[in-house]
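Results of the structural survey
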Amino acid sequence: MGEDQKGKRLKRIVFVTVGTTSFDALVRAMDTQAVREELRRRGYTDLLIQMGRGSYIPSKFSGEDGLVAVDYFTFSPTIADYLLSAELVISHAGSGSIFETLRLGKPLVVVVNEDLMDNHQSELADELAARKHLFCSRPQSLGQALRTMDLEALVPYSPGDARPVATHINKFLGFQAD
Amino acid sequence: MERRNGGGGGFCSFPLLFAVAASFVVAVLARVLYVLYHTGRPLRSKKGVRPLRTLIILGSGGHTAEMLNLLAVLDKDKFNPRFYISAITDSMSLQKAEVYEESIAPQNTGTGDEMNPAHFMKIYRSREVGQSYITSVGTTIVAIIHALWLTFKIRPQVVICNGPGTCIPLCVCSFLLKVVGIRWSSIFYVESIARVKKLSLSGFLLYHLRMADQLFVQWPYLKTKHPRALYVGRLM
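A quick note: this is a predicted structure, and the numbers were derived from the prediction, not measured. (Residues numbered from 1 in each chain as written. Chains lettered and ligands numbered in written order. Predicted model: local features only at pLDDT ≥ 70, side-chain atom pairs only at ≥ 80, totals over all residues. Heavy atoms only, no water.)

1. Description of the sheet that holds strand S4 (residues 158-161) of chain B
Residue and element names in this part refer to chain B. For the record, the criterion: When DSSP finds two or more bridges between a pair of strands, those strands are recorded as paired. Secondary structure elements are taken from DSSP: a helix is a run of H or I of four residues or more, a strand is a run of E of two residues or more, and numbering for both begins at the N terminus. We call two residues in contact whenever any of their non-hydrogen atoms come within 4.5 Å of each other. Only C-alpha atoms enter the line fits that serve as axes; for helices the fit covers just the stretch in contact. Angles between N-to-C directions range over 0 to 180 degrees.
The strand order S3-S2-S1-S4-S5-S6-S7 describes an open sheet built from seven strands, whose pairing is parallel. Sheet topology places strand S3 (118-123) and strand S7 (230-231) at the edges, where each strand pairs with a single neighbour. Sitting on the sheet, helix H4 (residues 91-104) touches strand S2 (79-87) and S3, and the angle it makes with S2 is about 160°. The sheet strands contacting helix H5 (residues 136-154) are strand S1 (52-57), S2 and S3, and the helix crosses S3 at an angle near 165°.

2. Some points on the interface of chain B and chain A
Quick reminder of the rule: Two parts placed together each lose some accessible area under a 1.4 Å probe, and the buried area is that loss summed for both. By convention in these notes, a salt bridge is any Lys or Arg side-chain nitrogen within 4 Å of a carboxyl oxygen on Asp or Glu. Contacts described as polar in this section are N or O atom pairs within 3.5 Å, which, within protein, must combine one atom able to donate a hydrogen with one able to accept it, while residues neighboring in sequence count only if both atoms come from side chains. Any residue that is not Ala, Val, Leu, Ile, Met, Phe, Trp, Tyr, Cys, Pro, Asp, Glu, Lys or Arg is counted as polar, Gly included; the first ten are nonpolar and the last four charged.
Contact residues are listed per partner, giving 41 residues for chain B and 32 residues for chain A. For the pair chain B and chain A, the summed buried surface comes to about 3300 Å²; carbon and sulfur atoms form 69% of the total. Linking chain B with chain A are zero salt bridges, by the criterion used here. If you look at where chain B meets chain A, you find eight residue pairs in polar contact (both at pLDDT 80 or more). Elements with a contribution of two residues or more to the side of chain B that touches chain A: helix H3 (62-71), strand S5 (186-190) and strand S6 (214-217) of chain B. Take the side of chain B that touches chain A: its biggest share by element is four residues, from H3 of chain B. Here the side of chain B that touches chain A is built from residues that sort into 21 nonpolar, ten polar and ten charged.

3. Looking at the confidence of the model for chain B
Here is the rule: Note on scores: pLDDT gives the predictor's confidence for each residue, bounded by 0 and 100.
The share of residues in chain B with pLDDT of 70 or more is 88%, and the mean pLDDT across the chain is 87. With pLDDT under 50 throughout, residues 4-8 of chain B is counted as low confidence; its partners more than four residues away or in other chains account for zero contacts.

4. A word on the state of the cysteines
What counts here: Disulfide: a pair of cysteine sulfur atoms within 2.5 Å of each other.
Tallied over the full model, the rule gives zero disulfides over all chains. The cysteine Cys171 of chain B is free of any disulfide, with Cys161 of chain B supplying the nearest cysteine sulfur at 3.7 Å.

5. As for the packing of aromatic side chains
Threshold: The criterion for an aromatic pair is that two Phe, Tyr or Trp rings (for Trp, the six-membered ring) have centres within 6.5 Å, with stacked assigned to planes under 30 degrees apart, edge-to-face to planes over 60 apart and tilted to the rest. Note on exposure labels: buried denotes an accessible area under 20% of the residue type's maximum, exposed denotes more than 50%, and partly exposed covers the range between, all computed with a 1.4 Å probe on protein chains only. The criterion is that NZ of a Lys, or CZ of an Arg, lies within 6 Å of the ring centre and within 35 degrees of the ring normal, and then a charge sits over that ring.
Inspection of the entire model under this criterion finds eight aromatic pairs over all chains. When the ring of Phe15 of chain A is compared with that of Tyr82 of chain A, the centres are 5.3 Å apart and the planes differ by 15°; the resulting orientation is stacked. Of this pair, Phe15 of chain A sits in strand S1 (residues 13-17) while Tyr82 of chain A sits in helix H3 (residues 80-85); the two residues are 67 residues apart in sequence, bridging distant segments of the chain. Ring centres 5.4 Å apart and planes at 55° place the aromatic pair Phe99 of chain A and Tyr157 of chain A in the tilted group. Here Phe99 of chain A is found in helix H4 (residues 95-103), whereas its partner Tyr157 of chain A is found in the loop between helix H6 (142-148) and helix H7 (163-173), with 58 residues between them in sequence. Look at Phe99 of chain A and you get buried, because its relative accessible area is 2%. Joined through ring pairs, the aromatic side chains of Phe15, Phe73 and Tyr82 of chain A make up one cluster. The aromatic ring of Trp184 of chain B is capped on one face by Lys178 of chain B, whose charged end is 4.9 Å from the ring centroid. When the ring centre of Tyr207 of chain B is taken as origin, the NZ or CZ atom of Arg228 of chain B, which lies over that ring, is 4.1 Å away.

6. So, the side chain of Thr151 of chain B
Following the sequence through the fold, Thr151 of chain B ends up in helix H5. If sequence neighbours within four positions are ignored, Thr151 of chain B has contacts with Leu55, Pro156, Leu170, Cys173, Ser174 and Leu177 of chain B.

7. Overview of the nonpolar core
Defined as follows: Only buried residues count toward a nonpolar core. Its members are Ala, Val, Leu, Ile, Met, Phe, Trp, Tyr and Cys residues joined through side-chain atoms within 4.5 Å.
Leu55, Ile57, Ile85, Tyr189, Leu206 and Leu215 of chain B are the most contacted members of the largest nonpolar core, which totals 30 residues. It is helix H6 (residues 167-180) of chain B that contributes the most residues to this core, seven residues altogether. What Ile85 of chain B contacts, discounting residues up to four positions off in sequence, is Leu55, Ile56, Ile57, Leu58, Leu94, Met121, Lys122, Ile123, Leu150, Ile154 and Leu170 of chain B. With 28 residues, the next largest nonpolar core counts Val165 and Leu173 of chain A together with Leu71 and Ala97 of chain B among its residues.

8. Digging into the environment of Ala145 of chain A
Residue and element names in this part refer to chain A. For Ala145, the location among the structural elements is in helix H6. A residue is classified by how much of its surface remains accessible, and Ala145, at 19% relative accessible area, is buried. The spatial distance from the C-alpha of Ala145 to the C-alpha of Val111 is 9.8 Å, given a sequence separation of 34 residues.

9. Observations concerning helix H7 (residues 201-208) of chain B
All names here are of chain B. Filter applied, for reference: Arc definition: it is the arc formed by the directions from the helix axis to the C-beta atoms.
Three or more residues of H7 are buried, namely Ser202, Gly203, Leu206 and Tyr207. Relative to the axis of H7, the buried residues are bounded by an arc of 125° and lie together on one face. Arg210 sits one or two positions beyond H7 and adopts a positive phi of about 55°.

10. Structural notes on the pairing of strand S3 (residues 69-73) of chain A
Residue and element names in this part refer to chain A. Across the five residues of S3, four count as buried, placing the element largely inside the fold. Looking at chain direction, strand S2 (residues 46-50) and S3 are connected through five bridges and run parallel. Opposite Ile49, over in S3, you have Tyr72 as the bridge partner.

11. What about the pattern of salt bridges?
Within the structure shown, the criterion is met by twelve salt bridges over all chains. A salt bridge links Glu127 of chain A to Arg131 of chain A, with the nearest nitrogen and oxygen atoms 2.7 Å apart. As a salt-bridge pair, Lys78 of chain B and Asp75 of chain B come within 3.8 Å of each other at their nearest N and O atoms. Of the residues examined, Asp75 of chain B reaches a relative accessible area of 26% and is grouped as partly exposed. Bridged by salt links that share partners, the residues Glu38, Arg41 and Arg42 of chain A form one connected network.

As structure tokens, then:
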């Protein structure tokens, strides 16, 4: 994104990801005055949006006048580097990005897409929010969620373990347990 | 005259035809019941010494990540060869599986394609995200025919899947191969971690049709609602 050259100010990046499809309501919410202002108030300097196949193009800012610098792109083969460089992640409710972010220990706000037909996605986000691993919001209430969230209250997520499932499968098939 | 004779002849053989058809149906039903009876019962251990042809059904994004976490702890010499299938519209998942297989492959891979432990295939999807349930009927039929062809080619002994819609036609076809007697397989289904309170359509169908030998859920609440499911922790 060409931002790395101008490293004169300390960057605090917010990374937004909509996943493999599109989520215009989230991109639009990121484009509102309330959200931008809140990010600035919290001391974030850069906003990078992975907007997917969406048709809504957010307005870019270079980051002068103390405003949050805004950039966007459509897709990337992996978002790992973006997550790693971010101080706050705002993501769609897909389990892939949720767990990738939690594993890196980054503060996460999940925004549920209410336009999806089979909307089971809020189940996971709500459950993890109830366990204080992340914050859960809707596009229209994102500004408020950012205003009221307390990053100190987050509980680190301890990753699961696939071995018990593998043990069951091995036992069923008659393979020796390792 | 001829038409009347033909008609009369058909009428005469009707009871015979009926008897043949009825006994056929009974035989098929008995076979289905036999297969269902053995579904969920562990295989005899001596059969499990040899490596098993494994069909791994990939879904997009989160599904693939979960599957790769499970594969990471399965013995690749036992689950060998491995056939990966993803939806035709989803090249990312297959790519991730390819990257994973490359990462575990021994450095000096032989040129013989037959010995290759990993194969990658694509299947027509029964339903795209956001597609209406009505048009999914037609696309599901196409997906089933394609699934029949693929399962017949692969003849899996183990099927591992975790939730994408593509897994239903493939599981049904694997089940059919069992009924017909072409290949016995064990079907393992791990419900996606995204399902906290309600099974996905795939999970719901496999649970209630009793087609999965073992069905894992990743949240305790789902286990309380579906007692035949297994809960042994999370993959992610």
